[in-house]
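# Report on the structure
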Amino acid sequence: IDRFLSYVAFDTTSSETSGTVPSTPNQRVLGEFLVKELDALGLVGARIDEYGYVYATLPATPDCADLEPLGLIAHMDTSSAVSGADIRASIVTYNGGDLVLASGSVMSPATYPSLNHYVGEELIVTDGTTLLGADDKAGVAEIMTMAEPLMADKTIPHPALEVIITVDEETGMEGA
C-alpha cells in the first residue's frame, strides 16, 4: 500500500497531442524513480530508455535457469480524462451503499456494481477531484512487491522475470 501510494503521488497524466514519447515529462520522472527502486531491490540491468520505458531482470534461480523467462508488464501513465495531479488518496472501509468521497462525490453500487463485492473491505480512494492512478500504478506496485521477497530469498524457485514498465498506454501511442 505504501509503495502504491508513493507512485500515485507522481502526476503521470499522458497526452494524446504531445507528439513525444513519453508524451509527458513526469512519466520519465517516475521511470527514473522506478529504476532506482529496481536497482535497490537488486534486479539486474535496471535502466530507462530514450522513450521512458523501464527494464530490469530478476535472474532465474539455478534450478529454473532452463525455463523460459516470464514478462511482468505494467504501465505508469494515467488517463488525461481526469486530472492526475495532486492526488489525495485515503483508505476507507466500505460498509455498503453509497460511498461518499471527501469532495462530496458519490460512488454508488447502482453505477459501480462491483462495489458490492467489497463490503467490509478497505478501499483506497481519491477525494473525488482527481483520478487515483490505480490503472496501472497498482500493477507497477504489484511487480515491485513480488520482486522484493524473490530477491531477498534465493531459495524460492522461479524462472528469469523480465520487468517492463511502459509509458503512454492510455494514449495508445506507446512506442510511437
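Below is a short write-up of the structure. (Residues numbered from 1 in each chain as written. Predicted model: local features only at pLDDT ≥ 70, side-chain atom pairs only at ≥ 80, totals over all residues. Heavy atoms only, no water.)

## Regarding the environment of Met151
One can find Met151 in helix H3 (residues 134-152). For Met151, a relative accessible area of 13% corresponds to the buried category. On a C-alpha basis, the gap between Met151 and Leu41 in space is 6.8 Å, while along the polypeptide they are 110 residues apart. With residues up to four places along the chain from it excluded, the contact list for Met151 reads Leu41, Gly42, Leu43 and Leu58. (Helix = DSSP H or I, 4+ residues; strand = E, 2+ residues; numbered from the N terminus. Buried < 20%, exposed > 50% of the residue type's maximum accessible area, 1.4 Å probe, protein only. Contact = heavy atoms within 4.5 Å.)

## Examining the pattern of salt bridges
In the structure shown here, the tally under the stated rule is 3 salt bridges. Of the charged contacts in the structure, one is a salt bridge between Arg3 and Glu37, with a shortest N-O distance of 2.6 Å. Note that Arg3 is positioned in helix H1 (residues 2-8) and Glu37 in helix H2 (residues 25-41), a separation of 34 residues in sequence. No difference in accessibility class separates Arg3 from Glu37, as the two residues are buried. Among the ionic pairs, Asp127 bridges to Arg88, the shortest N-O distance being 2.8 Å. With a gap of 39 residues between them, Asp127 in the loop between strand E7 (122-125) and H3 and Arg88 in the loop between strand E3 (70-75) and strand E4 (90-93) connect regions that are remote in the sequence. (Salt bridge = Lys/Arg side-chain N within 4 Å of Asp/Glu carboxyl O.)

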